[in-house]
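Residues per chain are reported as follows:
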Amino acid sequence: MSYFPDDIFYGSTGPHDADIMIIGESWGATENAKKLAFQGESGKTEMRERLLPECNVDPDKCYMTNVIPAHPGGNDMQQFFYRTKQARAEGSLQLRGLFPKPILVESLDRLRQQILAVKPKIIIGFGNYCLWALTEDCFSIGDENGYKIPTGIISWRGSQLYTSSEMGGTPYLPTIHPAAYLRNWAWRYQVKHDIRQRLPAVYDGWGGPNYQFLVRPSFEEAVHCLEGLVESLHNGLITKLAADIETRRRHIACISIAWDSVSAICIPLMVTAEPHHYWSEEQELVIIGLLAQVLGHPKAEVVGQNFLYDDQYIALYWMFFCRVKNDTMIKHHVCWPGTPRGLHYLSSMYCDYHRYWKDESKNWNPKVGEEQLWVYCCKDSVTTYEVDTELDVLIDGLNLRSQYEFQMRQWYMIRDMMNRGVLINQQRRVDAAFELGAELAKHDEYLERLIPPDVWPRDPKKSPWPSSPKQMMAIFYDILDQKEIKIRGKRTTNDTALEIIGKREPLLEPITTALRERRSLGVFVSTFTQAKLDPDGRMRSSWDPSGTETYRWNSRKNAFDRGANLQNIPKGVDLDG
């Protein structure tokens, strides 16, 4: 039994010898009525008439189709899959981690036949289900409403991939679905950039660069490379170096140094295959000494990505500061405040070649050896090197050099502040803990009377209700029948919601005020009396000068889980206002 007409091109449009094939996920209502791909608001009006022409792509010369030429109920692709529990109980077919129904299995074979018949030079796929249908493992698997679903398009978008061998091994460009970016307009620029930036690479070389990475070096190789870098710096042959560390259990596992956009060395410090460190103690001392000469060389201009993090480790364990000239996260933030700042995003926007790689560290398995981790570290440093080069041009093109230099002056100030820390009066901290504990006890006793057990029964296995957002929501919205306050579609009893409830219902104002005061007291307790200190009695927190669009600094615990968030000190509740 077939679910579709015999014609393999059923539901598709465009020439059957097109260089560009565009694939969507499924039909919407308009496509279902016309039995053709990309006919609705997001497909025809947005993609065909606006997006593709803006990317210098003629939509009439593109072959367009879908993963499945059918309309799921509620426009929900999950309708073409079995629920996970049902599928496992019945032994249903599992395909790349999901459980497709027969109609989708047939459609995937039809899609394969279309690709083999059209023989496009490149395929552009919109959305997570295209990523799953066309690649072998360039996606993640999540759970939603009892179904296994593909995820990861936000990470993998803009990557220069190939379809699986089953799907022809064709150059493949994944990006965000138009229906999705119409709900989040900031994503549209990313989609437009993906298409405009990557399409020319099909003709200039789709595969990645010829990386020259030295991983698992011998002691002699490591010394020779580092001494060569010192000599090159001394003679002015190089100045810019990109560096990156990977950590494990709050120690430096390895460090990579790149001297151009394709060449890098990764020097391991820890290795799971050995009972001790990678080097002998004497060898490690020599290597750290050479690293200090390289990264601290007077002529070195070190660039890193969010290098305040790396510098915390290097200063603590190796006792020297790198001569940091640039930080790509800060540089990008100056150009486009409020946009993503992760290195993989910067790579997608600025690098000539981009393929998402950040899961290679997350998914590293000791059983396959650590080369994957060391290569990952090298990729970070060469990518940082190239991103910095492109951002340099952009900074000057936008006439933002002075603003960036101001931000970097703050960077050095923050680094010194993070490493110096703040000396804490231990006795005063103990006294404050007693004072705050007494105040919390008073508030709990007061709230216990205001919401007695006959209104909300106590469960000894659960946290006290004033410290449980879930119980608070049940009390206010279910028991006290207050109109729900939602933020981003989810109901909440945060401080803003409690203040609104108190103003809206004066009888509840004593409860909401007491809860808000209790929360402020809790923040003081966690920040000032429970925050971990360093062995020297100082509090050292991490600070991020690029954390907000307004350039206000962010703070949090440092890389070693010590310190605290010091940026939002509660002012208490204004009882007069």
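Look a little higher up for the structure.
Residues numbered from 1 in each chain as written. Predicted model: local features only at pLDDT ≥ 70, side-chain atom pairs only at ≥ 80, totals over all residues. Heavy atoms only, no water.

1. Brief notes about the sheet that holds strand β1 (residues 20-24)
- The strand order across the open sheet formed by 5 strands is β2-β1-β3-β7-β6, and the pairing between neighbours is mixed. Both edges of this open sheet fall to β2 (62-66) and β6 (161-162), since each of them pairs with a single strand only.
- Looking at chain direction, strand β3 (residues 122-126) and strand β7 (residues 171-175) are connected through 4 bridges and run parallel. Each bridged residue has a counterpart across the sheet, and for I123 the counterpart in β7 is Y172.
- Running at roughly 135° to β2, helix α2 (residues 41-54) makes contact with β1, β2 and β3 of the sheet.
- Most of the contacts of helix α4 (residues 102-118) go to β2, to which it runs at about 170°, and overall it touches β1, β2 and β3. (Pairing = 2+ DSSP bridges. Helix = DSSP H or I, 4+ residues; strand = E, 2+ residues; numbered from the N terminus. Contact = heavy atoms within 4.5 Å. Axes fitted to C-alpha atoms, helices over the stretch in contact; angles between N-to-C directions.)

2. Thoughts on the layout of surface pockets
- One number sums up the size of the largest pocket: a volume of about 850 Å³.
- Around the largest pocket, the lining is made up of 35 residues, and of these E25, N75, H177, A179 and R183 lie nearest the centre.
- For the lining of the largest pocket, the secondary structure elements donating two or more residues are α1 (29-34), α2, α5 (128-134), β5 (147-151), α6 (153-156) and α7 (178-181).
- A class-by-class count of the residues in the lining of the largest pocket yields 15 nonpolar, 14 polar and 6 charged.
- In terms of lining residues, the second largest pocket is bounded by 15 residues, among which D244, Q305, N306, Y309 and K358 are the most central.
- Where the lining of the second largest pocket is concerned, the elements lending two or more residues are β9 (240-248), α12 (307-318) and α16 (371-397).
- Of all the elements, β9 adds the most residues to the lining of the second largest pocket, at 4 residues.
- The residue makeup of the lining of the second largest pocket, split by class, is 4 nonpolar, 5 polar and 6 charged. (1 Å grid on protein atoms, 1.4 Å probe; cavity = no way out; pocket = protein on both sides within 12 Å on 5 of 7 lines; lining within 4 Å. Points joined across faces, edges and corners; volume = space filled by probe spheres on them. Nonpolar A, V, L, I, M, F, W, Y, C, P; charged D, E, K, R; others polar.)

3. Quick word on the nonpolar core
- Membership of the largest hydrophobic core comes to 68 residues, with the highest contact counts inside it found for L226, I257, L291, V294, L295 and W318.
- Ranked by residue count, the leading element in this core is α16, at 9 residues.
- With sequence-adjacent residues up to four places away left out, L291 is seen in contact with L226, I255, I257, I267, G296, W318 and F320.
- Formed by 36 residues, the second largest nonpolar core is a distinct cluster that contains Y63, F81, I115 and C138. (Core = buried A, V, L, I, M, F, W, Y, C linked by side-chain atoms within 4.5 Å. Buried < 20%, exposed > 50% of the residue type's maximum accessible area, 1.4 Å probe, protein only.)

4. As for the packing of aromatic side chains
- By the definition in use, this model includes 20 aromatic pairs.
- Among the aromatic residues, those joined into a cluster by ring pairs are F219, Y278, W279 and W374.
- K240 extends its terminal NZ or CZ atom over the ring of Y385, reaching a point 4.1 Å from the ring centre.
- Above the ring of F321, the side-chain terminus of R415 is found at 4.4 Å from the ring centroid. (Phe/Tyr/Trp six-rings, centres within 6.5 Å; stacked < 30°, edge-to-face > 60°. Lys NZ or Arg CZ within 6 Å of the ring centre and 35° of its normal.)

5. With respect to the pattern of salt bridges
- What the rule picks out here adds up to 35 salt bridges.
- Measuring nitrogen to oxygen at the nearest pair gives 3.2 Å for the salt bridge that ties K379 to E360. With K379 in helix α16 and E360 in helix α15 (residues 359-362), this pair connects stretches of sequence that are 19 residues apart. With respect to class, K379 is no different from E360; both count as buried.
- The salt bridge partner of D396 is R401, with a shortest N-O separation of 3.1 Å. (Salt bridge = Lys/Arg side-chain N within 4 Å of Asp/Glu carboxyl O.)

6. A few points about the sheet that holds strand β8 (residues 212-214)
- Pairing is mixed across the open sheet formed by 6 strands, whose spatial order is β8-β11-β10-β9-β12-β13. Only two strands of the sheet have a single neighbouring strand rather than two, namely β8 and β13 (324-327). Going across the sheet, the axis of each strand differs from the next one's by a mean of 25°, ignoring polarity.
- Pairing between strand β12 (residues 301-304) and β13: 3 bridges, direction parallel. Bridge pairing links V302 to V324 in β13.

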